[in-house]
Amino acid sequence: MKSFRTEKRVAKVERVLKARQGSLMVVIENVHDPHNVSAIFRTCDAVGIPCISLVYTKEQFPKIGRKSSASAFKWVVKEKYKSVKECYSELRSKEFKIYASALKEKSMSLYDIDFTNKIAVVLGNEHRGASVEAADLADETFMIPMYGMVQSLNVSVATAVILYEALRQRQRKGMYDLLNEAELEEKSESWLKK
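A. Fine view of the overall build of the chain. Per the secondary structure count, the chain includes six helices and seven strands. Starting at the N terminus and ending at the C terminus, the chain contains elements arranged as α-β-α-β-β-α-β-β-β-α-β-α-α. Residues classed as buried in the chain amount to 43% of the 194 residues present. Contacts in the chain between residues at least 24 apart in sequence constitute 83% of all its contacts with a sequence separation of at least 6.

B. Fine view of the side chain of glutamate 29. Tracing the backbone shows glutamate 29 in strand 1 (residues 24-29). For the buried residue glutamate 29, which engages in no salt bridge, the nearest side chain bearing the opposite charge is arginine 128, 7.5 Å off. A polar contact is formed between the side chain of glutamate 29 and the side chain of serine 131, at a distance of 2.6 Å. Leaving out residues up to four positions away in the same chain, glutamate 29 has contacts with Val55, Val84, Leu123, Gly124, Asn125, Gly129, Ala130, Ser131 and Ala134.

C. Representation of the environment of tyrosine 56 in the model. Along the chain, tyrosine 56 falls in the loop between strand 2 (51-55) and strand 3 (77-81). Taking the relative accessible area as the measure of exposure, tyrosine 56 reaches 14% and is therefore buried. For the pair tyrosine 56 and tyrosine 81, spaced 25 residues apart in sequence, the C-alpha to C-alpha distance is 6.8 Å. Those residues in contact with tyrosine 56 that lie beyond four places of it in its chain are Ile28, Asn30, Val31, Val37, Phe61, Pro62 and Tyr81. A distance of 2.5 Å separates the side chain of tyrosine 56 from the backbone oxygen of valine 31, its partner in a polar contact.

D. Broad picture of the pairing of strand 7 (residues 140-143). Pairing between strand 4 (residues 97-101) and strand 7: three bridges, direction parallel. Bridging from a neighbouring strand, serine 101 pairs with phenylalanine 142 of strand 7. Relative to strand 7, strand 5 (residues 108-109) runs parallel, the two sharing two bridges. Its bridge partner being in strand 7, serine 109 is matched across the sheet by methionine 143.

E. Quick look at the sheet that holds strand 6 (residues 119-123). Pairing is parallel across the open sheet formed by seven strands, whose spatial order is 3-2-1-6-4-7-5. Edge positions in the sheet fall to strand 3 and strand 5, since each has one partner strand and no second. In terms of strand pairing, strand 1 meets strand 2 through four bridges, oriented parallel. What sits directly across from valine 26, in strand 2, is isoleucine 52. Helix 5 (residues 155-172) contacts strand 1, strand 6 and strand 7 of the sheet and is inclined by roughly 165° relative to strand 6.

F. Representation of the packing of aromatic side chains. With the rule as written, the count across this model stands at one aromatic pair. Taking the centre distance of 5.1 Å and the plane angle of 85° together, the rings of tyrosine 56 and phenylalanine 61 count as edge-to-face. Assessed through its relative accessible area of 24%, phenylalanine 61 is described here as partly exposed. Here the basic side chain of lysine 118 rests over the ring of phenylalanine 96, its NZ or CZ set 5.0 Å away from the ring centre.

The rules behind each value
The numbers attached to residues start from 1 for each chain and follow its sequence in the written order. The model is predicted, so local features are restricted to residues of pLDDT at least 70 and side-chain atom pairs to those at 80 or more, both for listing and for counting; the totals for chains, interfaces and linings are taken over all residues. Values reported for side chains reflect all heavy atoms of the structure, with hydrogen atoms and water molecules removed beforehand. The helix and strand labels rest on DSSP assignments: H or I over at least four residues marks a helix, E over at least two residues marks a strand, and numbering proceeds from the N terminus. Each residue's exposure class comes from its accessible area (1.4 Å probe, protein chains only) as a fraction of the maximum for that residue type: buried when under 20%, exposed when over 50%, partly exposed otherwise. Two residues form a contact once any of their heavy atoms are found within 4.5 Å. We score Asp and Glu as negative and Lys and Arg as positive, and we do not count His or the chain ends. Salt bridges, as used here, are contacts in which a Lys or Arg side-chain nitrogen is within 4 Å of a carboxyl oxygen on Asp or Glu. Contacts described as polar in this section are N or O atom pairs within 3.5 Å, which, within protein, must combine one atom able to donate a hydrogen with one able to accept it, while residues neighboring in sequence count only if both atoms come from side chains. Strand pairing is defined by DSSP finding a minimum of two bridges between the two strands. Simply put, an axis is a line fit to the C-alpha atoms, just over the touching stretch for a helix, and the angle between two N-to-C directions goes from 0 to 180 degrees. In summary, the pairing rule links any two rings of Phe, Tyr or Trp, Trp by its six-membered ring, whose centres are within 6.5 Å, and it sorts them by plane angle into stacked for under 30 degrees, edge-to-face for over 60 and tilted for everything else. Any Lys NZ or Arg CZ found within 6 Å of a ring centre and within 35 degrees of that ring's normal is scored as a charge over the ring.

Structure below.
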């Protein structure tokens, strides 16, 4: 397959790749609504997250259309896992600290997390939230402060709130231009063929 190269496209690919945040991950556990999954992929791409971990133990992974994900699905790598333990083991082998979103009394505020570290954020099912296992095996649990009558946000909205807080912190620390030239050239070639 020939790569589609124009000066404008090459510049965009390089700009986007330079901003990829390899030290920030999202884990979604049993999120079943394809619109939510699509919105999560769009937000991950927008913030520069290169890879999402998918844990599906109770739900089938939903069919995602190119249109609903605005093609973000093809720019974000998907790693599928059959258990929370398997996913967490892989993340820990890469030295990620795992934060699970959970409505627990001892959960910390989202705004107390230092997102400039190597972090994986876990979000659960639309109705059940993160599983007890996902929360208990995480390094920390956290929640988004809520001051209204409802106790939580939609999972895709929550993901956007969380990731844009991470973006804010990382931008302030100058973390959006870290890819070296060799990595950039290698990844650019692959992306220009998509």
